[in-house]
Structures are given as C-alpha cells and as structure tokens.
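Each chain, letter by letter, is given below.
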Amino acid sequence: MNTLTAPPKPWSQRHPIAFLALAAIAWLGLYQTLIPASEALVAALPVDRASHLGGALQFFFYDTPKVLMLLTGVVFVMGMVNSYFTPERTRALLAGRSEGVANVMAASLGIVTPFCSCSAVPLFIGFVQAGVPLGVTFSFLISAPMVNEVALALLFGMFGWKVALMYLGLGLSVAIVAGWIIGRLKMEAHLEDWVREMPKTAVQFEDTGATLADRIQGGFAAVREIVGKVWPYILGGIALGAAIHGYVPEDFMASFMGKDAWWSVPLAVLMGVPMYTNAAGVIPIVQALLAKGAALGTVLAFMMSVIALSLPEMIILRKVLKVRLIATFVAVVATGILMVGLVFNAVL
C-alpha cells in the first residue's frame, strides 16, 4: 500500500532566521557592486562616458538594479509586517474613533498598509460599512499611496534620511489636515446613494497565529504581486530619468522648475495629476530633476500630485463618490501640496 508523504518544506521555512540573515548579507554585498558594474557596462560599449549618451546609459544601468533591489527588499520586509495589518484589522482599529485622533491614526496606518489606488473602492466601501467617519477614511486613502513604505525606502536609498523624513512629515500633514477638513465639511450626502444605503456591519478580526516562516512566505508573495506589477513603471521612470539626466541642460531645468519661477509649483501639480505611476516609477524622475537644478519643493509637489491625485484614481473613486465630493477632495489635497511646495522653496 502506497502512502502519500507531504513534500519537504523549502529551506527558508525550515530555517527562517538563518535564511533572513543570509539573504540580508547577499543583498548588501550585491548592492555594493552596482556602481562599478554600471561603469564597467558603459566602458564595454562603444560610447564616450563623458557624452550625453554615456551619462544617460550609466544612469540607467545603475538606477535600474538599484531601484529594483531597494523595492524588492522593502516589499519583502513589509510583506512580512503587513501580515499584521489586514484590511479587517485596519477597519477595526479606525471604527468608532473620533475625528482628529482618528485622522492621525488613519494617516499613520497608511504608511504600513499595502493598499493603492486600485483597491480604493473596496477599501472605501469597507470603511463606510464599518462606520469609519468620512474624513478619517480620506486621511487613510491619501496617506496609503502617497506615504507608503516603498516611497520612503526609495527616497532614503537615493537621497538620504533627511529627504525621506521630510517627505514623511509633509505627506502625513497633508493626509491628516485634508481628511480633517473634508470631515468638517460634512459631505456624506455626496456619497453615491447605494454606498450611503449600505447596512453598517461590525468589524471583527482574528489573530491567525502566523509563524515567522509563514510571514516569510507572505514576503515572497508581496514581492511577486507588487514588484511583478510595477516593474514596467519603474523601467519607464528610469528611462525618462536617464534621458533627463543625460540630455536636459541644467539651465533649462532650473528656469523651468527652479525657485525663481513662481509658477513652477502650480505647474508641477497640474503636470502630475494626469500621470499614472507610483512611487517606484516617479522617484527616478525626481532624482534626475533634482540633479538638473529643479527646486526640492517643486519636485516634492510634483511627486505628491502624481501619487495622491492621479486621474485614474479619480475615475475609480467616481464609482462611490459624487462629482462634488471628488472635486472637494482634489481641491483640498492640491492646496495642501501647493503649500508644501511653496513653503519649502521659500525656506530652502
């Protein structure tokens, strides 16, 4: 009689601590080789390194693996962390909370929750059913795509902790204040009728008791889902950033997006709204713009508008929000982003 035996577990599940230690060492070792490897690739080509094309190619060869490595590492770690922050647990943490404190909690939860504009509608419906106030819901929906772990990690890797911390503070401020203002405006009547008429439900969540090995598997799953989905945007953003880095004159970019152009911040916000990308795709463009003389406040405003006010997200939200509420949301968030850009251009 044949007996069926379970297939052996992968080594990463049998020895999770050893796997994490070795993976971290390998990641750090590979990361240190990126600059010499990119220079060697350019040197192997029949291209003058000092030419526009040589500079653009080095930027592309260096930034592509760098961004992908940073993204993979961060998504893997946050995939493990996010096993604690399911949609049900997030709704339960926010349900029944008063505004103000709840806006701060919602914006803070947005940093560590793996939700983006594509999940805006089901999340919005779930929050409404759980009794989460409208303004608190918006604080979360603004923060989750704009101040997520991917954006912060890539900013830290490319620009250092000061810029990453600055972006964190600015993004949270915009999410908290914008959500609070929308809550004060009492615009529940401008939800679509079918959303307002949904019955309220009690939110419950259970601790799944996941082990470290289970959370590692969650990290792998997050990498497959997120990196597998965004890599075309990353390559597109890096290619555009390489073109800017190699071919756009510094004087032109300084005049177009520099501090002296008073209209640069409003124009940056208007340019960002119709674009459809995410933090991983837009940060290489940000890097190239700053290297060419663009002002930090202008570039941050551009980045925030791309992530938080994208036209595709507005189209998705139209399923649950009436036009007036969408217009109010865009106006409040855009005003906050404009203030961020103008203030930083004035003080830096």
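Before any of the text, the structure's been laid out above.
Note that the structure is a prediction, hence the values are computed from the model and not measured.

## Observations regarding the overall build of the protein chain
So, step 1. Of the regular secondary structure elements, the protein chain holds 18 helices and zero strands.
So, step 2. Per-residue burial for the protein chain yields a buried fraction of 47% across its 348 residues.
So, step 3. For the protein chain, contacts bridging at least 24 residues in sequence account for 82% of all contacts bridging at least 6.
So, step 4. Here the protein chain displays about 16,500 Å² of accessible surface, and carbon together with sulfur accounts for 69% of that area.

## A look at the packing of aromatic side chains
So, step 1. By the definition in use, this model includes six aromatic pairs.
So, step 2. Here Trp27 and Tyr31 contribute two aromatic rings whose centre-to-centre distance is 5.0 Å and whose plane-to-plane angle is 10°, an arrangement assigned as stacked. With Trp27 and Tyr31 both in helix α2 (residues 16–31) and four residues apart, this pair spans about one turn of that helix.
So, step 3. An aromatic cluster of three or more residues is present, and its members are Phe19, Phe76 and Phe220.

## Observations regarding the packing of helix α16 (residues 296–308) against helix α18 (residues 323–347)
So, step 1. Remark: α16 packs on α18, axes separated minimally by 7 Å, with the N-to-C direction vectors making an angle of 160°. In terms of orientation, α16 and α18 fall into the roughly antiparallel class. Considering the relative orientation of α16 and α18, their crossing is right-handed. The residues of α18 that touch α16, namely those facing Leu296, Gly297, Thr298, Ala301, Met304, Ser305 and Ala308, are Phe329, Ile337, Val340, Gly341, Phe344 and Asn345.

## Topic: the layout of surface pockets
So, step 1. If you add up the space inside the second largest pocket, you get close to 360 Å³.
So, step 2. Forming the boundary of the second largest pocket are 15 residues, of which Ala23, Ala24, Gly73, Phe76 and Val77 lie nearest the centre.
So, step 3. Sorting the residues of the lining of the second largest pocket by element identifies α2, α4 (52–81) and α12 (212–247) as the ones contributing at least two each.
So, step 4. A breakdown of the residues in the lining of the second largest pocket according to their chemical character gives 12 nonpolar, two polar and one charged.

## A closer look at unusual backbone geometry
So, step 1. Within the chain, Lys186 stands out as a residue other than glycine whose phi angle is a positive 50°.
So, step 2. Structurally, Lys186 is set in the loop between α10 (161–184) and α11 (193–196).

## Things to note about the nonpolar core
So, step 1. Judged by nonpolar contacts, the single largest core of 98 residues is most densely connected at Phe124, Met146, Tyr167, Met303, Leu321 and Phe329.
So, step 2. Here this core gets 10 residues from one element, more than from any other, and that element is α4.

## Here we look at the side chain of Ser38
So, step 1. Topologically, Ser38 is positioned in helix α3 (residues 34–43).
So, step 2. Separated by 3.0 Å, the side chains of Ser38 and Gln58 make a polar contact.
So, step 3. Beyond its immediate chain neighbours, meaning those up to four positions away, Ser38 contacts Gln58, Phe61 and Tyr62.

## Structural notes on the packing of helix α14 (residues 264–272) against α18
Packed helix pairs are characterised by how far apart their axes lie and by the angle those axes make with each other.
So, step 1. Axis separation between α14 and α18 bottoms out at 9 Å; the angle between their running directions is 140°. By the angle class used here, α14 and α18 are oblique. Where α14 crosses over α18, the two elements pack in a sense that is right-handed. Residue-level contacts link Ser264, Val265, Pro266 and Val269 of α14 to Ile337, Leu338, Gly341, Leu342 and Asn345 of α18.
So, step 2. Broken down by class, the residue content of the contact of α14 with α18 amounts to six nonpolar, three polar and no charged.

## Structural notes on the pattern of salt bridges
Side-chain pairing between opposite charges can occur once the charged atoms of the two side chains come close.
So, step 1. Counted under the stated rule, the structure contains three salt bridges.
So, step 2. A salt bridge links Glu39 to Arg49, with the shortest nitrogen-to-oxygen separation between them at 3.0 Å. Placement of Glu39 in helix α3 and of Arg49 in the loop between α3 and α4 is noted, with a sequence separation of 10 residues between them.
So, step 3. Judged by relative accessible area, which is 30%, Glu39 ranks as partly exposed.

Cut-offs and rules
- Here the residue index of a chain counts from 1 through its sequence in written order.
- Confidence filtering applies because this is a predicted model: local features only for residues at pLDDT of at least 70, side-chain atom pairs given and counted only at 80 or more, and all residues used for totals across whole chains, interfaces and linings.
- The side-chain figures draw on all heavy atoms in the structure; neither hydrogens nor water molecules are used.
- Each helix is a run of H or I in the DSSP string that is no shorter than four residues. Each strand is a run of E no shorter than two, and both are numbered from the N terminus.
- Only protein chains enter the accessibility calculation, which uses a 1.4 Å probe; a residue is then buried when its area is under 20% of its type maximum, exposed when over 50%, and partly exposed in between.
- Contacts: residue pairs with any heavy atoms within 4.5 Å of one another.
- Here the open area of atoms and residues is found with the Shrake-Rupley method and a 1.4 Å probe, where only the protein chains shown may cover a residue.
- When the centres of two rings from Phe, Tyr and Trp lie within 6.5 Å, Trp using its six-membered ring, the rings pair. Their planes under 30 degrees apart give stacked, over 60 give edge-to-face, and anything left gives tilted.
- All axes are obtained by fitting lines to C-alpha atoms, using only the stretch in contact for helices, and the reported angles, taken between N-to-C directions, cover 0 to 180 degrees.
- Angle categories are assigned with fixed cut-offs, so that under 35 degrees is roughly parallel, over 145 is roughly antiparallel, 65 to 115 is roughly perpendicular, and the rest are oblique.
- Crossing handedness: left-handed means the near helix sits turned counterclockwise from the far one by under a right angle, and right-handed means the same turn made clockwise.
- Here the term cavity refers to a set of points on a 1 Å grid, laid over the protein atoms alone, in which a 1.4 Å probe fits but cannot get out; the term pocket refers to an open set having protein on both sides within 12 Å along at least five of seven lines, with lining residues being those that place an atom within 4 Å of a point.
- Grid points are joined across faces, edges and corners, and a volume is the space filled by probe spheres set on the points.
- Residues are grouped as follows: nonpolar covers Ala, Val, Leu, Ile, Met, Phe, Trp, Tyr, Cys and Pro; charged covers Asp, Glu, Lys and Arg; every other residue, Gly included, is treated as polar.
- Within this scheme, the nonpolar core is defined by two criteria: the residues are buried Ala, Val, Leu, Ile, Met, Phe, Trp, Tyr or Cys, and they are joined through side-chain atoms within 4.5 Å.
- Pairing of N or O atoms within 3.5 Å defines a polar contact, subject to two protein rules: one partner must be a possible hydrogen donor and the other a possible acceptor, and residues neighboring in sequence count only if both atoms are side-chain atoms.
- For this analysis, a salt bridge means a side-chain nitrogen from Lys or Arg found within 4 Å of a carboxyl oxygen belonging to Asp or Glu.

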